[in-house]
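What follows is the residue order along each chain.
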Amino acid sequence: MSNRRLLLGNEAIARGLIESGCAIATSYPGTPASEILAAVAYFQKEESLSMHTQWAVNEKVAFEIAYAGCQTGLRAAVSMKQVGLNVASDPLMSAAYMGINGGFVLISADDPGPHSSQTEQDSRLMAMFAKIPVLDPDSPRQAKELMGVAYEISESFKTPVMVRPTTRVCHSRQDIALGAIPKNKRQAKFEKNPARWAATPKFRLQLHRELEEKLAAVAKYRPTAPQKLNRKAKSGKAIIASGVAAAHSKDILRELKIWSKIPFYQVIQPFPLHRKFIEHIIDNYEDVLVIEETMGVIELQLADRYRVKGKLSNTVPRVGELSPEKIQEIISKFVGLKSEAFTIKSAPGRRPTLCPGCPHRASFFAIKKAAPRGIYTSDIGCYTLGLNLGAVDTVLCMGAAISQAAGFYQAYKNEKKRPDIVATIGDSTFFHAGVPALIDAVVQKVGFVLVILDNRTTAMTGNQPTPATGHGACGESTETVDIESLVRGCGVKFIQESNPYELQEFTALLKQAVKYSRKNGPAVVISRYPCVLHRARQGETGELIPVEVSEKCDGCGYCIKHFECPALVYHDNKEEKHVSIDPILCTSCGVCLNVCPKGAFVEKQ
Amino acid sequence: MSKTVKQQILISGVGGQGVLFVTGLLAEAAIGKGLAVFTSETHGMAQRGGTVVSHFKVGDFSSPLIRPFKADGLLVLKDENIAQHGSFLRKGGWAVVNSGNDLKIEKTLTASGIDADKLAQEISNPKSVNLIVLGFALARAGQKAGDGINLFCSLADIKKVLRKRFGSRKKLLDASVRALEAGYKEYKK
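Presented here is an overview of the structure given in this document.

**A few points about the pattern of salt bridges**
- Under the defined criterion, the tally for this structure stands at 39 salt bridges over all chains.
- A salt bridge links A:Lys577 to A:Asp572; the shortest N-O distance between them is 2.9 Å.
- Judged by its relative accessible area of 41%, A:Lys577 falls in the partly exposed class.
- One salt bridge connects B:Lys33 with B:Asp157, and the closest N-O pair in it is separated by 2.8 Å. Separated by 124 residues along the polypeptide, B:Lys33 in the loop between helix 1 (19–32) and strand 2 (37–40) and B:Asp157 in helix 5 (residues 155–166) bring together distant segments of the chain.
- Overall, the relative accessible area of 16% leaves B:Asp157 in the buried class.
- Through salt bridges that share partners, A:Asp110, A:Asp122, A:Arg124, A:Asp136, A:Arg164 and A:Glu292 make up one connected network.

Take a look at the structure:
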């Protein structure tokens, strides 16, 4: 049996960390980075390693735990998605100045497209902003290799190093050879050095100077220098690419039969770009095309605006994923080839929806009943899909449902007619960034209802545990933090818990909360029912209430529009319009029994 | 089969249908045959009942994605997806589509339809549409002439992967093999 294994990009990254002797790994889940930590935990178990692997409450906390680990001389890593890095940017900026003791690798996964994110921001630009080196892998295989390289740079130059995979690296699978795991274990040893680890502004200036020197040295580091992959190619034109764009380009150049003609350089380390490489390119080529995602980080560092074409010159689109067909068009144009027509019929596809039986659907339906003309602020998670039910008006970033509710309240404070405001936030998101906002709302006596959608898991990203779950990344048991006590601790006076599947009682409770909030400040309702997907994976189900559609159904479409369950199918025939239930999708949750205004859904006898 | 095999297959469906599962089976089968594999999948928000597509490549490739008009084959678990993903297929490429209706697909493509939803109900395994469609494609791969297709793996290869995956979970293994065979036999009918 060979040691080649089919690894997801994120698993390859995890394996790379383990093979580099990483002793502390932390993360907060977020697509496309979520599987990294779970895979670290998997390999940790498989290889019986003693290391610390944990889901932290948010990315900032995750960063700081791992960073302290590296301060003791251990190798540490923190992984997150690109918008998670916004949350962790505070420690990142400072850690760049302070440097490291043991190797420290930050993995920030970008999502050009975006497929599952709020923005298409480029983490490599964050690395540039923080002044740390960043590596840009083109495939799962290279991502694994670059983990070791990242630790070498980190320890050679005493700096945190970022590795920036994109969705197409994280969520591709490749057959990859597994390597050995280092036997020698380092011991944690923190050496006090307040001038570095607790530097005051005076020392920070010195650290900043050191940081610039480190970057200048990294820009000469041989192992990560850009490579010309087709040595024999000669032309006045050159193509430079990094990441997955480089992978696409390699196949395309071969297929267009210009591999042996147009010099092609792959950049592994987009920042700091190697000095000699910059000189070489400017000295040798008249016409240079740079293909990279999602911003022009390499292009920015190639200082000749006349010869360099890329995002800044609008030669490469600044928005959206660089699909291979887009790259083929760009390259064809650049080298003067007629490009193949890639006009595909565009079809919308299916929009994502809440799963059949999802407790969030019941919560949203009840919210609309309890505050029909309200403003509905919401947050990041599966429940963003409450959009489809018309029960989500705003989604900004993690935790903003609560602060935005406060903002709307203050904006309408002096108006005669003030809308009811209902905020929805998931359990994991509440822990992540909701708590400070709730404290603020209590202090300001903000009249709004907060519905905490407590499905006992971080569902959207693949059911990672929350602080209330009671187990950690490796399945070990942990302490739990009770949401109700936490809310009470924030100073909230109205707090009730209810099961949204009991739709009538749940709606009545929400109405009570709305009424309370108009006069007395924040009211919190914890909507508690486990994620159906998570439950099903564990082989569990709730009480089954099979439902059928009676003859009372007149095809008014109310349930389709306002309840939007994928298991409800609308039939628009000439003879009659009606609704039926798809037996494959229906989970028999029974919630729809209380949805039809005509009472057409009835329990199957 | 020679090591120079190069095939690109697009697998298209909606969240919950097991697009990723089928992709994984094909990938494991390729590894079992000592071939290089590269696949790309959809995760996160898009997976909640939305359109899910995975790109599967076997052989020497740098890019994980299939360009339009380059796919050798198409496995479609929901026929409405033809509108979105049909144009990935190259001229002369093959397609197997789960559909209860007449296929509205260009005649130049060697496309065949199978009502996998109905078959899945018949074998009381409503979630096995993915395996039924795959079984049907594998049957076509066994054909030399007519609508036979060139596929790097066989029914036996996929069964081997299933056994490896579900080894001790006999019930799950039996149900999966039954679904795969239901699709296979449907073609042979």
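**Looking at the sheet that holds strand 13 (residues 308–309) of chain A**
All names here are of chain A.
- Taken in spatial order, the five strands of this open sheet run 9-11-10-12-13, and their pairing is mixed. Strands at the two margins of the open sheet, each flanked by one partner only, are strand 9 (227–228) and strand 13.
- Looking at chain direction, strand 12 (residues 287–291) and strand 13 are connected through two bridges and run parallel. Bridge pairing links Leu-289 to Lys-309 in strand 13.
- Its contacts with the sheet put helix 11 (residues 243–255) on strand 10 (237–242), strand 11 (264–267) and strand 12, and the angle it makes with strand 10 is roughly 135°.

**Things to note about the side chain of B:Thr23**
All names here are of chain B.
- Tracing the backbone shows Thr-23 in helix 1.
- Its relative accessible area of 2% is what places Thr-23 among the buried residues.
- Within the structure, Thr-23 has its side chain in polar contact with the backbone oxygen of Val-19 (distance 2.7 Å).
- Residues within four places of Thr-23 in sequence aside, it is in contact with Ile-11, Thr-39, Ser-54 and Phe-56.

Cut-off values and rules
Residues numbered from 1 in each chain as written. Chains lettered and ligands numbered in written order. Predicted model: local features only at pLDDT ≥ 70, side-chain atom pairs only at ≥ 80, totals over all residues. Heavy atoms only, no water. Salt bridge = Lys/Arg side-chain N within 4 Å of Asp/Glu carboxyl O. Buried < 20%, exposed > 50% of the residue type's maximum accessible area, 1.4 Å probe, protein only. Helix = DSSP H or I, 4+ residues; strand = E, 2+ residues; numbered from the N terminus. Pairing = 2+ DSSP bridges. Contact = heavy atoms within 4.5 Å. Axes fitted to C-alpha atoms, helices over the stretch in contact; angles between N-to-C directions. Polar contact = N/O pair within 3.5 Å; in protein donor to acceptor, adjacent residues only side chain to side chain.

The quantities given are spatial measurements derived from coordinates; they are silent on function.
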